[in-house]
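# Structural overview for review
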Amino acid sequence: MSHDELTRRQVLQGGAGVAVGGAALVACAHDGISGLAASGPEDPEMPDQVAARYTPITDPLHLTAIATVPSNADAGVNAIALQNPLGLPMEILEIKWALQAVGVTGGNCPGLTGGTIACKLDLGKIPITNGHVPVWSMCPGRFVGREIALIDGAAASDGLPRAACEYAWKLPRPLYVPAGAILVPTFHHRGLIQDDVAVRISYSARNLIAGASPSKRLAIPWAAAFTSKNFTVFSATADADGSHETDLVNPHDETVFLQRFVGRVGSFEFGTTPTVPPSVFSSDTLDPDFAYDLLRLRMRSSLGFPLVRDPLRFNAVFDPTTRSWELPGTEMPPKSYYNVALSSGISAVPAADQQAQVFIGLTGWREIERGAGIGGAA
Amino acid sequence: MNPAKFQFGGVPAVFGADVALTATNGTAIVDTGALASPFRAPYLLDEIRFLVRVNRFTQIAWYYYPLFGNGITAKLQMGRINITQDFVPIWLFGTHVQKLWIAGAGVIDAQHLYGYNEYRWKLPRPLFVPLGSAITVNLQATPFLTAAARVSVSFVARALPVGTKTPPKIDVPFVTAYIPDLQTSTNERTAQSSEKDLVNPFLVPLHVQRFIGRQSYNGGYPAGLVFEVGDDGTIAFVGTDIKLADSMGYNVTRDFTPFDSVFEPGRRAWTFLRQLNPKERYNAAFRITGTYRAKLNPQVSLVGFREEVMA
């Protein structure tokens, strides 16, 4: 059965029907690196996206691991929990994080966001992230406001509902993970709050059939980020900051195909005395006047291209709801980087108790040859 | 033009400019130079954004702010090529993104309170803008805009390689709308679009992407209350029905149907793909009844794209 003879339904049901699965696998293996994660109409406003291409797929698989990260410290997870229990190769389609402050009454720590925890991902010796990247710098926003979910707290000692900040990165291309291999996360608590943070990381994946031969070229996701210094939100003086060549960078020997930029502003509101912990660490959109008004941004590439020529308002560059600037297939040459220049304006009513930090992330993928550290033994 | 060819790639760029708009029938033209690509190359326009800031002088509740979406209209052109049919309210370009946001008290210039909102239009197809061409954006306020506004218009684009030839045909987005007269009567009423409203005015087919339907509530108690229906409204809005038919007489909605049943309340849109032949149109009829009939002002738009021959 050739690929052309397979219907989408047959391909999608590859794992359920043995008669289809094997043929689908063989036929679709020639389809290169694209997959459902790449082709799904992530934004329903764009119904005319390029049609789906198929990859060998079987049953869905979900893997989860938890770590408690002390403030200003690193932590890892029990990596075995993130290994395919069937001993099969798999493809990871989406990575999700849920963050919850530990030891806070009711679990509703107002200062907790995706900027609190940074995550580093490695598949063996292959880096997926440029060091530790703030979790929310990898993920677009889904709605205005803090991206929290209430969790039933009936089982908690105080009986109060728990709030968890949740973020998801739908990978631009599925990540092939050979049998026995593990995509290992390590976490860094950036110290923005004093509470420990429980991090739950989840992989939405799909099994591949034993012995499946991956494509000759494998897609490896890539994420890098720039985190600015703290700006005083309502300042009597103008201020500025900029990224370095090691922040929004493609350090590889291959071209990175960009998925999107993610731009967020986290704001701190300090208490009246230094002993009072931050009372608010909000999502960007809860303080619109900074990102809409006072903060401006310019951006250029290391090749000299003016991506943002004029200093535009932050929210004019990054959509305030999705926090993203979608980059469908833009190529980022090897060893190149983007440079961001931030400037903040003057407020007529200065106040020192509110500060903000700018987070800009970059996601995409690159291609490597099978056997270059991955997939050779599959 | 092959859509797949231009869906991916290019050097990303965002460019735009601010413009001030006075209340009630003010007009402004966005700096065309600032809306020109920074590259000496053609580019693809993926998205147009309108960020609006409106200032008020006193601490008031959010629903006292003027409604931006139908308070500001825009007319977009690329040379001879129309992107909109006359002036279209900026909330009728794209689906709903967010509601109004209010900044803190006088934190930016001590005298004003600011309300913010954004309207984003992701084009149904990327628009190929040839080298040397510019898109002009004319803005005009309506009576709904009762305070001065600052509008930030930005283009999200991808520059193409230098020397990229202009295709013989390009896909050009298009928006046209039906805006009934501002209602002041307390009577139950109806309104009927004309053949010039939800129409394909071109000599080529119009590929329809969606209808967008929004309505505002204005006036009444408390005095000055103005907001978009669907934005935290505490009043149950039952009263606006819509009936749609095409120019061949076929019913699109068979009967007068509640507004929110036709346009999904979250996105304020009804997305579908349909080819509207040259000069074909849709007819929209509103029937506005119920307790709040004197305060409701529904609007509907048609969004799509057509092919234009590039000389």
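Cut-offs and rules
Residues numbered from 1 in each chain as written. Chains lettered and ligands numbered in written order. Predicted model: local features only at pLDDT ≥ 70, side-chain atom pairs only at ≥ 80, totals over all residues. Heavy atoms only, no water. Helix = DSSP H or I, 4+ residues; strand = E, 2+ residues; numbered from the N terminus. Buried < 20%, exposed > 50% of the residue type's maximum accessible area, 1.4 Å probe, protein only. Contact = heavy atoms within 4.5 Å. Areas by Shrake-Rupley, 256 points an atom, 1.4 Å probe, with all protein chains shown as cover. 1 Å grid on protein atoms, 1.4 Å probe; cavity = no way out; pocket = protein on both sides within 12 Å on 5 of 7 lines; lining within 4 Å. Points joined across faces, edges and corners; volume = space filled by probe spheres on them. Nonpolar A, V, L, I, M, F, W, Y, C, P; charged D, E, K, R; others polar. Pairing = 2+ DSSP bridges. Salt bridge = Lys/Arg side-chain N within 4 Å of Asp/Glu carboxyl O. Phe/Tyr/Trp six-rings, centres within 6.5 Å; stacked < 30°, edge-to-face > 60°. Lys NZ or Arg CZ within 6 Å of the ring centre and 35° of its normal. pLDDT = per-residue confidence, 0-100. Polar contact = N/O pair within 3.5 Å; in protein donor to acceptor, adjacent residues only side chain to side chain.

A few words now on the overall build of chain B. When you go through chain B residue by residue, the secondary structure sums to 1 helix and 20 strands. A total of 311 residues make up chain B; the buried ones form 59% of that total. Here the contacts in chain B between residues at least 6 apart in sequence split such that 79% fall between residues at least 24 apart. Only carbon and sulfur atoms are counted for the fraction: they give 53% of the accessible area of chain B, which is about 12,100 Å².

Within chain A one finds 5 helices and 20 strands. A separation of at least 24 residues holds for 79% of the contacts in chain A among residues at least 6 apart in sequence. Total accessible area on chain A is roughly 14,300 Å²; 55% of this is exposed by carbon and sulfur atoms.

A few words now on the layout of surface pockets. Residue and element names in this part refer to chain B. Approximately 320 Å³ is the volume found for the second largest pocket. Elements with a contribution of two residues or more to the lining of the second largest pocket: β9 (135-141) and β20 (296-309). In terms of residue class, the lining of the second largest pocket is made up of 9 nonpolar, 6 polar and 1 charged.

This next bit is on the side chain of asparagine 315 of chain A. Note that asparagine 315 of chain A resides in helix α5 (residues 314-317). Discounting residues that sit within four places of it in the chain, asparagine 315 of chain A has contacts with Ala291, Tyr292 and Pro320 of chain A together with Leu51 of chain B.

Our next topic: the pairing of strand β12 (residues 189-192) of chain B. All names here are of chain B. Residues of β12 alternate between two faces, with Arg189 and Ala191 buried on one and Thr190 and Gln192 left unburied on the opposite face. Of the strand pairs in this sheet, β12 and strand β19 (residues 281-288) are connected by 4 bridges, and their pairing is antiparallel. Residue pairing across strands places threonine 190 opposite arginine 287, the latter belonging to β19.

All names here are of chain A. With respect to the element layout, phenylalanine 226 can be found in strand β11 (residues 217-234). Owing to a relative accessible area of 3%, phenylalanine 226 belongs among the buried residues under this scheme. Along the chain, phenylalanine 226 and serine 137 lie 89 residues apart, while their C-alpha atoms are 8.6 Å from each other. The residues contacting phenylalanine 226, other than those within four sequence positions of it, are Asp241, Gly242, Ser243, Asp247, Leu248, Val340, Leu342, Val358, Phe359 and Ile360.

This part takes up the pattern of salt bridges. All names here are of chain A. Counted according to the given criterion, the structure contains 27 salt bridges over all chains. One salt bridge in this structure joins arginine 200 and glutamate 166, with 3.9 Å as the shortest N-O distance. Note that arginine 200 is positioned in strand β10 (residues 196-207) and glutamate 166 in strand β8 (residues 162-177), a separation of 34 residues in sequence. Arginine 200 gets classed as partly exposed once you look at its relative accessible area, which sits at 32%.

Taken as a whole, this structure holds 22 aromatic pairs over all chains when the rule is applied. Here phenylalanine 211 of chain B and phenylalanine 272 of chain B contribute two aromatic rings whose centre-to-centre distance is 5.2 Å and whose plane-to-plane angle is 50°, an arrangement assigned as tilted. Of this pair, phenylalanine 211 of chain B sits in strand β14 (residues 206-218) while phenylalanine 272 of chain B sits in strand β18 (residues 269-276), placing them 61 residues apart in sequence. Each member of the pair phenylalanine 211 of chain B and phenylalanine 272 of chain B is classed as buried. Measuring from centroid to centroid gives 5.4 Å for tryptophan 270 of chain B and phenylalanine 272 of chain B, while their planes differ by 50°, and the two rings are tilted. What links up through ring pairs into an aromatic cluster is the set Phe261, Phe314, Phe318, Trp325 and Tyr338 of chain A. Just above the ring of tryptophan 365 of chain A sits the side chain of arginine 173 of chain A; from NZ or CZ to the centre is 4.1 Å. The cationic tip of lysine 229 of chain A hangs over the ring face of phenylalanine 231 of chain A; the distance from NZ or CZ to the ring centre is 5.8 Å.

Let us now look at the confidence of the model for chain B. Fine structural detail should not be taken from predicted coordinates in areas where pLDDT scores are low. Residue and element names in this part refer to chain B. A residue-level look at chain B finds 82% of positions with pLDDT of 70 or above and a mean pLDDT of 83. Within chain B, strand β7 (residues 101-102) has the poorest average pLDDT of any element, 64, and strand β6 (residues 88-89) the best, 96. Across the predicted assembly, pTM comes out at 0.81 and ipTM at 0.80.

All names here are of chain A. With respect to the helices and strands, glutamine 259 occurs in strand β14 (residues 256-269). In this structure glutamine 259 comes out as buried when scored by relative accessible area, which is 11%. Taking the C-alpha atoms as reference points, glutamine 259 and glutamate 331, separated by 72 residues in sequence, lie 9.6 Å from one another. Sequence-distant contacts of glutamine 259, that is, excluding residues within four places in its chain, are made with Trp169, Lys170, Leu171, Pro172, Glu326, Leu327, Pro328, Thr363 and Gly364. For glutamine 259, the side chain forms a polar contact with the main-chain oxygen of lysine 170, separated by 3.0 Å.

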